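Fold and geometry: a report
Now for the letters of each chain:
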Amino acid sequence: MNKFSSDKISVGISSCLLGEEVRYDGGHKQSRFCRIELAKYFDFEPTCPEMAIGMGTPRKTIRLVQQEDVISIQASDGSFDVTEKMQQYAKRRLPQLSHHSGYVVCAKSPSCGMERVSVYSPAKNNATKDGVGIFTAELMKAYPLLPVEEDGRLNDPVLRENFVNRVFAYHQWKTLEHEGFTVAKVQDFHAKYKYLLMAHHPAKYRELGPLLANISSNQDLEGFASYIKGFMEILKHNCSRKNHCNVLQHLQGYFKREITAQQREELAERIHEYREGLLPLLVPISLIQHYLREHPNHYVAKQAYLAPHPNELKLRYSL
């Protein structure tokens, strides 16, 4: 069983997305973003549930089938059923994945899809697109806080940045857990993520404070669990331009006595232009970082909002 390491960000992934030829037709579904860009920062651990249960490749296609309230996973021609094998595999495999800080799955797959997987109904002779792959459903049930995303959705700039934000933040939390929780460390973690949380959902951010305040001691594991549950639920919400502007204006306030009237006006204009969709988010953030270098402020400098992930990923260029 792999162990968590704070030095590397371990992320699970469907094997086909890394270019492994494990699909039903003997091919792959390589994600260049994952294999080339994210692989510079994430330590990917591939899994193909269908190969793991001995289906081999090439193989007959499988699909989700609903009969009454039971969903099974069967060959498309109905010649075999691998539901029990898949569930047993998930039962064996999932305890080995606790070190992961995220997971990328293959869209539409009856074993790995995260959402909108086709579910066939023999009685109605049709299909709905409201299913979840058998393995991924068990994964999300076992690790409800784990950031999980599909390869196709990672083509959306907002969803892409949201997922990477969550992975980096969750890895930081797991590092605290690995080192041993203390109230002081979690308070510092909360302070670091204040403005990122506000950008995702300001109202829910305000609800998170009391959860932190109610943690009674360093041994209050239930309190820590309640806090991170609320934290990760907030990060699931996509940031809006309105919320980003609210955060940018808050950060602007820290420099009102340090920068000139002309500089304040320039920053206000860049924030307004971002709000109007004329500039990407990177522009006002870069200007704030410039002023921060000229006028150091420890509290602002430690804010995850300014750099929640490596700039080299260029995730904020199109936001």
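The following refers to the structure shown. (Residues numbered from 1 in each chain as written. Predicted model: local features only at pLDDT ≥ 70, side-chain atom pairs only at ≥ 80, totals over all residues. Heavy atoms only, no water.)

Some remarks on the overall build of the chain
A tally of regular secondary structure across the chain gives 13 helices and eight strands. Projecting the C-alpha coordinates of the chain onto the three principal axes gives extents of approximately 75 × 50 × 35 Å. Counting over 319 residues, the chain shows a buried share of 47%. Considering only contacts in the chain between residues 6 or more positions apart, those separated by 24 or more positions represent 68%. Surface accessibility of the chain: about 15,900 Å² in total, with carbon and sulfur atoms responsible for 47%. Looking at the chain, you have 41 positive and 36 negative side-chain charges, and the mean spots of the two groups are 1 Å apart. (Helix = DSSP H or I, 4+ residues; strand = E, 2+ residues; numbered from the N terminus. Buried < 20%, exposed > 50% of the residue type's maximum accessible area, 1.4 Å probe, protein only. Contact = heavy atoms within 4.5 Å. Areas by Shrake-Rupley, 256 points an atom, 1.4 Å probe, with all protein chains shown as cover. Lys, Arg positive; Asp, Glu negative; His and termini not counted. Charge placed at Lys NZ, Arg CZ, Asp CG, Glu CD.)

Section: the side chain of Asn243
By secondary structure assignment, the location of Asn243 is in helix H10 (residues 241–253). Beyond its immediate sequence surroundings of up to four residues, Asn243 is in contact with Met198, Ala199, His200, His201 and Pro202.

Considerations on the pattern of salt bridges
The final tally for this structure, using the stated rule, is 15 salt bridges. A salt bridge links Asp43 to Lys8; the shortest N-O distance between them is 3.4 Å. One end of the pair, Asp43, is in strand S2 (residues 42–47); the other, Lys8, is in the segment before strand S1 (9–14), with 35 residues separating them in the sequence. Here Asp43 falls in the partly exposed class, since its relative accessible area comes to 34%. One salt bridge connects Glu269 with Arg270, and the closest N-O pair in it is separated by 3.4 Å. (Salt bridge = Lys/Arg side-chain N within 4 Å of Asp/Glu carboxyl O.)

Describing the nonpolar core
In this structure, Phe42, Val104, Trp173, Tyr227, Phe231 and Tyr305 are the most contacted members of the largest nonpolar core, which totals 90 residues. The leading source of residues in this core is helix H5 (residues 157–179), at eight residues. Leaving out residues up to four positions away in the same chain, Tyr227 has contacts with Trp173, Val186, Phe189, His190, Leu208, Leu211, Leu212 and Ile215. (Core = buried A, V, L, I, M, F, W, Y, C linked by side-chain atoms within 4.5 Å.)

What about the side chain of Asn162?
Relative to the helices and strands, Asn162 is located in helix H5. At 2.9 Å, the side chain of Asn162 and the backbone oxygen of Leu235 are in polar contact. (Polar contact = N/O pair within 3.5 Å; in protein donor to acceptor, adjacent residues only side chain to side chain.)

Quick notes on unusual backbone geometry
Cis geometry marks the peptide bond from Thr57 to Pro58; its omega dihedral reads -5°. Counting through the fold element by element, Pro58 comes out in the loop between helix H2 (49–52) and strand S3 (62–67). Positive phi values are uncommon outside glycine, yet Lys314 reaches one of about 60°.

Some details on the packing of helix H8 (residues 202–213) against helix H9 (residues 221–235)
Two numbers describe how H8 lies on H9: the axes approach to 9 Å, and their chain directions differ by 170°. Classed by the angle they form, the pair H8 and H9 counts as roughly antiparallel. Across the interface between the two elements, Lys204, Tyr205, Leu208, Leu211 and Leu212 of H8 pack against Ser226, Tyr227, Gly230, Phe231 and Ile234 of H9. Partitioned by chemical class, the residues of the contact of H8 with H9 number seven nonpolar, two polar and one charged. (Axes fitted to C-alpha atoms, helices over the stretch in contact; angles between N-to-C directions. Parallel < 35°, antiparallel > 145°, perpendicular 65-115°, else oblique. Nonpolar A, V, L, I, M, F, W, Y, C, P; charged D, E, K, R; others polar.)

Here we look at the sheet that holds strand S4 (residues 70–75)
With mixed pairing, four strands are arranged side by side in an open sheet as S4-S3-S6-S7. At either end of the open sheet lies a strand with only one pairing partner, and these are S4 and strand S7 (126–131). Direction aside, the axes of adjacent strands within the sheet are offset by 40° on average. Sheet analysis places strand S6 (residues 117–121) next to S7, joined by five bridges and oriented antiparallel. Note on S7: the bridge partner recorded for Ser118 is Lys129. (Pairing = 2+ DSSP bridges.)

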